[in-house]
Amino acid sequence: MDKDITILGLESSCDDTAAAILQGRHILSSVVADQTALHAAYGGVVPEIAARAHAEMLDLCIERALLKAGKTLNDIDTIAVTAGPGLIGGVLSGVMMAKGLSAATGKPLIGVNHLAGHALTPRLSDGLDYPYLILLVSGGHCQFLRVDGPTAFLRLGSTIDDAPGEAFDKTARLLGLAQPGGPSVETRARQGDETRFAFPRPLLDRPGCDLSFSGLKTALLRQRDHLIADQGGLHVRDVDDLCAGFQAAIRDVLVEKSRRALAQSTGLTGFAVAGGVAANTPLRAALETLSASLGLPFVAPPLALCTDNAAMIAFAGAERYAVDGADDLTLGARPRWPLDTRTPSGLGSGRKGAKA
Ligand code: KG4
Ligand code: ZN
């Protein structure tokens, strides 16, 4: 990749509006306007509200990103934008903005697959060489990808129902804890006894790397309702133990499936994890231990690059540009866009729309 290229990245596929300026692997600025407050009352992302907010925020984010980077539009060489997969209204807002900028300035336009943005992040953060294995775990994604190049991805397994972040969020809701659920559940799990309640380890009895998380939430609901029926409510200790048991089940499943995905792959330079759930300390530690036991470097990019952001889109755009060149103004917005078109897609969609 040309290290001197200065690239503007735009991201608007879910509930974060983001713009970033990148020069090679150097992040000059990365601005994220998060919409959590707009959707809070609805218990999930409302696509129409998200699309409107993206349309309102994109130009402000771009302006702020340019200002922070000390650049003007004239200094930008190329414009990269998430062209899918994701919520179509949001993706359209970003693609239209990028096309407008490209048409007005004559700068090349690059449509980026959002999942490629996540999957290439270990190269941006740590300069990891191809090929590597990455586990994407967030509120909308859960899959193992072998990454062989900027457009060469092999999916080894994915969730057949919920994404783990979604399961954490639902668990928090069932226990009356704050959203987003992951950090709330992790905090309560710290004092909990993970062995007190029996949680299943879904799909471990079946071969392969596919995952399932919806049964864990059902198990939690059953345990919770039992306790309420028996004792009239939940003690603090019960919530702690339920959180610990639930989190341990997610950890164990992800570690075992990672072991299998790694066993299927040869010649890897490392094992990486990305996505909001990668912030979970016990999970990170367990994956790192697994990687170390196999003698593989482990890469967990900083959280700001794991969650949705535009720096990863700019980077993936630059990598694709070097291989494929630019798109033109016929670039479309794609609600679905599997990274790996050879492997049949998983059934899971996640609350944020079918991602793979
Ligand atoms: O990657 P992300 O910011 O957005 C997308 O889903 O694309 O991930 C957000 C998800 C939420 O479901 C949140 O509950 C989860 O990541 N999360 C965590 C933790 N921090 C965030 N899950 C478990 N443990 C955490 N510490
Ligand atoms: Zn994402």
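Keep in mind it's a predicted model, so treat the numbers as computed, not measured.

Engineer: I'm lost on the coordination of the zinc ion (ligand 2) in this one. Help?
Structural biologist: Coordination sphere of the zinc ion (ligand 2), protein contribution only: H114 (NE2), H118 (NE2), H141 (NE2) and D308 (OD), at 2.1 to 2.5 Å. Considering all four donor atoms around the zinc ion (ligand 2), the spread of angles at the metal, 89 to 163°, places the coordination shape in the irregular class. Expressed as a motif, the donor residue spacing for the zinc ion (ligand 2) is H-x3-H-x22-H-x166-D. Here H141 lies in the loop between β6 (132–137) and β7 (142–149) and H118 lies in helix α4 (residues 114–126), a separation of 23 residues in the sequence. H118 gets classed as buried once you look at its relative accessible area, which sits at 2%.

Engineer: Sorry, what's going on with the pairing of strand β1 (residues 6–11) here?
Structural biologist: Every other side chain in a regular strand lies on the same face of the sheet, so the side chains alternate between the two faces. The buried count for β1 comes to six of six residues, which makes it a mostly enclosed element. Side chains T6, L8 and L10 project from β1 onto one buried face, and the interleaved I7, G9 and E11 project onto a second face that is buried too. Connecting β1 to the antiparallel partner strand β2 (residues 16–23) that follows it, the hairpin turn spans four residues. The pairing of β1 with strand β4 (residues 78–84) spans four bridges and is parallel. Looking across to β4, one finds that I7 is bridged to T78.

Engineer: What am I meant to see in the domain arrangement of the protein here?
Structural biologist: Many authors give the size of an interface as the accessible area that is lost as the parts come together. Once the domains are mapped, the protein shows domain 1 (6–122 + 304–349) and domain 2 (133–296). Measuring from the centre of the C-alpha atoms in domain 1 to the corresponding centre in domain 2 gives 27 Å. If you look at the interface, domain 1 gives 24 residues, while domain 2 gives 24 residues. Buried area between domain 1 and domain 2, summed over both chains or domains, comes out near 1,800 Å², and the portion from carbon and sulfur atoms is 63%. The interface formed by domain 1 and domain 2 contains zero salt bridges. Listed by contribution, the elements that provide at least two residues to the side of domain 1 that touches domain 2 are α4 and α11 (311–324). By residue number, the principal contributor to the side of domain 1 that touches domain 2 is α4, which donates seven residues.

Engineer: Help me understand unusual backbone geometry, please; the structure alone is not making it clear to me.
Structural biologist: Most peptide bonds adopt trans geometry, and most residues besides glycine take a negative phi value. Each neighbour pair has its own omega, and for G84 with P85 the value is -15°, a cis peptide bond. Tracing the backbone through its elements, the reader meets P85 in the loop between β4 and α3 (88–105). Cis rather than trans, the peptide bond between Y130 and P131 has omega equal to -10°. Within the fold, P131 resides in the loop between α4 and β6. Phi is positive for L203, close to 70°, though the residue is something other than glycine. The residue L203 is located in the loop between α6 (181–189) and α7 (214–231) in this model.

Engineer: What is the right way to read the pairing of β4 from this model?
Structural biologist: Of all seven residues that make up β4, seven are buried, and the element is covered over most of its length. Here five bridges tie β4 to strand β5 (residues 109–113), and the two strands are oriented parallel to one another. Directly across from A80, in β5, lies its bridge partner I110. For the segment spanning β4, α3 and β5, crossover handedness is right-handed.

Engineer: What is the right way to look at the packing of α7 against helix α8 (residues 236–263) in this model?
Structural biologist: A pair of packed helices can be characterised by two numbers: the angle between their axes and the separation between those axes. Where α7 contacts α8, the axes come no closer than 11 Å and their chain directions differ by 160°. Classified by the angle their axes make, α7 and α8 are roughly antiparallel. Here α7 runs over α8; the crossing is right-handed. Residues L216, L220, Q223, R224, L227 and Q231 of α7 form the contact with α8, whose participating residues are D238, L242, F246, A249 and I250. Within the contact of α7 with α8, the residues separate by chemical class into seven nonpolar, two polar and two charged.

Engineer: What's the story with the sheet that holds β6 in this structure? I'm lost.
Structural biologist: Consider a sheet: its strands pair through backbone hydrogen bonds, and that pairing is either parallel or antiparallel. Taken in spatial order, the five strands make up an open sheet running β8-β7-β6-β9-β10, and their pairing is mixed. Of all the strands in the sheet, the pair left with one neighbour each is β8 (152–158) and β10 (298–299). In terms of strand pairing, β7 meets β8 through six bridges, oriented antiparallel. By the bridge assignment for β8, V147 is matched with F153. Across the sheet, α4 lies against β6, β7, β8, β9 (271–274) and β10, angled at about 125° from β6, the strand it touches most.

Rules behind the numbers
Residues numbered from 1 in each chain as written. Chains lettered and ligands numbered in written order. Predicted model: local features only at pLDDT ≥ 70, side-chain atom pairs only at ≥ 80, totals over all residues. Heavy atoms only, no water. Donors = N, O, S within 2.8 Å, 3.2 Å for Na, K, Ca; no water. Tetrahedral: all angles 85-135°; square planar, octahedral: opposite > 155°, others 65-115°. Helix = DSSP H or I, 4+ residues; strand = E, 2+ residues; numbered from the N terminus. Buried < 20%, exposed > 50% of the residue type's maximum accessible area, 1.4 Å probe, protein only. Pairing = 2+ DSSP bridges. Domains from an automatic or database assignment. Contact = heavy atoms within 4.5 Å. Buried area = accessible area lost by both parts, 1.4 Å probe. Salt bridge = Lys/Arg side-chain N within 4 Å of Asp/Glu carboxyl O. Right-handed = clockwise from strand over helix to strand, strands pointing away. Axes fitted to C-alpha atoms, helices over the stretch in contact; angles between N-to-C directions. Parallel < 35°, antiparallel > 145°, perpendicular 65-115°, else oblique. Left-handed = near helix turned anticlockwise from the far one by under 90°. Nonpolar A, V, L, I, M, F, W, Y, C, P; charged D, E, K, R; others polar.

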